[in-house]
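# A look at the structure
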Amino acid sequence: QVQLVESGGGLVQPGGSLRLSCAASGRAFSMYVMGWYRQAPGKQRELVARISSSGITHYTDAVKGRFTISRDNAKNTVYLQMNSLKPEDTAVYYCNAASGYDYWGQGTQVTVSS
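In short, a report on the structure. Model, not experiment: these values are computed from the prediction.

## Quick look at the pairing of strand β9 (residues 91-98)
- Among the 8 residues in β9, 6 count as buried, and that is most of the element.
- Judged from the 7 bridges that link them, strand β4 (residues 33-39) and β9 form a sheet pairing that is antiparallel. What sits directly across from Trp36, in β9, is Cys95.
- One ladder, built from 3 bridges, connects β9 with strand β11 (residues 108-112); its direction is antiparallel. When the sheet's bridge partners are listed, Val92 is paired in β11 with Gln109.
- Sheet topology places β9 next to strand β10 (residues 102-104); 3 bridges connect them, and they run antiparallel. Counterpart to Ala98 in the pairing with β10 is Asp102.
- Taking the residues between adjacent antiparallel strands as the criterion, β9 and β10 are bridged by 3 residues, where Gly100 takes a positive phi near 85°.

Rules used throughout
Residues numbered from 1 in each chain as written. Predicted model: local features only at pLDDT ≥ 70, side-chain atom pairs only at ≥ 80, totals over all residues. Heavy atoms only, no water. Buried < 20%, exposed > 50% of the residue type's maximum accessible area, 1.4 Å probe, protein only. Helix = DSSP H or I, 4+ residues; strand = E, 2+ residues; numbered from the N terminus. Pairing = 2+ DSSP bridges.

Given below as structure tokens:
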């Protein structure tokens, strides 16, 4: 069983930055593929970025060059650094841990607006 708790969301102006954190409980955090997903109102949840146990990263095209996913296995935490934020980045962001089964956090709201 893995519990995930996200933090770091909020309201930011276009062009601003936020860093999301996801703290995981349970064992074997380093073995999980960790990901960030987002869901905007009226839209399906979509993958934003993921990082493998060995540190290989993948990003959706819309955030390449602006977002960076990283993990600290000693702290059981995964991060999403978001720069040059746009209004279309507004969504609830969810942390995901995958290893044969998907675990989800409760989500954190990110609003990009002037």
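There is more to say after this.
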